[in-house]
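The lines below spell out each chain.
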Amino acid sequence: MVKYSELREKLGFENMNGSAENLAYFTHFLYNHENELSKSYEIRAKEYFDEVADKLNLVEEPNIQQLLPLNWDVPFPAPQNPDFTFIDLFAGIGGFRIPFQEIGGKCVFTSEFNYHAQRAYELNFGEIPFGDITKLDLNIVPDHGVLCAGFPCQPFSISGKMKGFEDTRGTLIYYVLQISFN
Ligand SMILES: C[S@@+](CC[C@H](N)C(=O)[O-])C[C@H]1O[C@@H](n2cnc3c(N)ncnc32)[C@H](O)[C@@H]1O
């Protein structure tokens, strides 16, 4: 069984640059391979795999299925037999994901645009978040049971400037609504 830690090392996840979208598709596919939800990620994940397969020293014809099931040797792996699914928007370093996993949730989509938070998230869970929610094709977000979204509260907080929807960050809620109505 291939270990996630070996995969990330061979493919250089440690050095991922600002455009980690391919890696987001790839890791989301691997994470969801046992359910239909991986279909959202499959095409781009396979394209990425075809580009990098030679770095993995796989025997025979390289095939993404050879990686499955992965041994998720990460600090906070998904529950083995999840009771429900959730998505993790504005995910930061995963402060929502840990307790939701602990109560039996399986994360099926995550988005966070800060590079350093993305890196910490990947180290915690073995999954690379998709980036800026305002630039994503929201149709890729799979069906889910619970929507978590710790969106920036500064525009509405008394410790911020309270510009509300006049602050671009205040309008991010519309993306959350779009996902929930999709
Ligand atoms: C209040 S914090 C959420 C922290 C998170 N709950 C955690 O446990 O770390 C809001 C997060 O939203 C991210 N963010 C802000 N605008 C974003 C955007 N347009 N797309 C994706 N993430 C965004 C920020 O980088 C920040 O990490």
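Residues numbered from 1 in each chain as written. Predicted model: local features only at pLDDT ≥ 70, side-chain atom pairs only at ≥ 80, totals over all residues. Heavy atoms only, no water.

> Honestly, unusual backbone geometry in this entry has me stumped. Any pointers?
Excluding glycine, most residues fall at negative phi; most peptide bonds, likewise, are trans. Cis rather than trans, the peptide bond between Leu68 and Pro69 has omega equal to -10°. Residue position: Pro69 is located in the loop between helix 3 (39-52) and strand 1 (84-89). If you check the backbone angles, Met162 has positive phi at about 55° while not being a glycine. Here Met162 lies in the loop between strand 3 (146-149) and helix 6 (173-181). (Helix = DSSP H or I, 4+ residues; strand = E, 2+ residues; numbered from the N terminus.)

> I'm lost on helix 5 (residues 115-125) in this one. Help?
Every buried residue of helix 5 is listed here: Ala117, Gln118, Tyr121, Glu122, Asn124 and Phe125. The buried residues of helix 5 occupy an angular sector of 165° when the element is viewed end-on, so they sit on one face. Where helix 5 is buried, its residues meet helix 1 (4-11), helix 2 (21-31), strand 1, helix 4 (97-102) and strand 2 (105-111). One or two residues past the end of helix 5 sits Gly126, with phi positive at roughly 75°. (Buried < 20%, exposed > 50% of the residue type's maximum accessible area, 1.4 Å probe, protein only. Arc of directions from axis to C-beta. Contact = heavy atoms within 4.5 Å.)

> Sorry, what's going on with the nonpolar core here?
A general tendency of soluble globular proteins is for nonpolar side chains to be buried together. Counting residues in each nonpolar core, the largest one holds 43 residues, and the members touching the most others are Phe26, Leu30 and Phe109. For this core, the elements supplying multiple residues, two or more each, are helix 1, helix 2, helix 3, strand 1, strand 2 and helix 6. Counting residues per element, this core draws most heavily on helix 2, at 7 residues. Filtering out sequence-adjacent residues up to four positions away, Phe109 remains in contact with His28, Tyr41, Phe86, Ile87, Asp88, Leu89, Phe130, Leu136, Ile140, Val141 and Pro142. In terms of nonpolar packing, the next biggest core, distinct from the first, is built from 6 residues, Ala91, Cys107, Phe125 and Cys148 among them. (Core = buried A, V, L, I, M, F, W, Y, C linked by side-chain atoms within 4.5 Å.)

> Hey, could you run me through a nonpolar patch on the surface in this one?
A surface patch of nonpolar side chains, about 560 Å² in accessible area, is lined by Phe156, Phe165, Tyr174, Leu177 and Phe181. With respect to the helices, strands and loops of the structure, Leu177 is situated in helix 6. Looking at Leu177, the relative accessible area reads 36%, which means it is partly exposed. (Patch = residues over 30% accessible without salt bridge, like charges linked within 9 Å, V, L, I, M, F, W, Y side chains within 5 Å. Areas by Shrake-Rupley, 256 points an atom, 1.4 Å probe, with all protein chains shown as cover. Salt bridge = Lys/Arg side-chain N within 4 Å of Asp/Glu carboxyl O.)

> Got a minute to help me understand the state of the cysteines in this structure?
Working definition: the covalent bond between the sulfur atoms of two cysteines is a disulfide. In total, this model carries 0 disulfides according to the counting rule given. Cysteine Cys148 shares no disulfide, and the gap to the nearest cysteine sulfur, in Cys107, comes to 7.8 Å. Cys153 takes part in no disulfide bond, and the closest cysteine sulfur, belonging to Cys148, lies 16 Å away. What makes Cys153 partly exposed here is its relative accessible area of 49%. (Disulfide = S-S within 2.5 Å.)

> Would you take a moment to explain the pattern of salt bridges for this structure?
It is possible for side chains of opposite charge to pair when their charged atoms get near one another. On inspection of all chains with the given rule, the structure shows 10 salt bridges. As a salt-bridge pair, Glu21 and Arg44 come within 3.0 Å of each other at their nearest N and O atoms. Of the two residues, Glu21 sits in helix 2 while Arg44 sits in helix 3, which places them 23 residues apart along the sequence. Relative accessible area serves as the criterion here: at 36%, Glu21 is assigned to the partly exposed category. Taking relative accessible area as the criterion, Arg44 reaches 27% and is therefore assigned partly exposed. Close ionic contact of Arg169 with Asp167 constitutes a salt bridge, the shortest N to O distance being 2.9 Å. Residue Arg169 is classed as partly exposed on the basis of its relative accessible area of 37%. Each of Arg8, Glu14, Arg119 and Glu122 takes part in a single network of salt bridges with overlapping partners.

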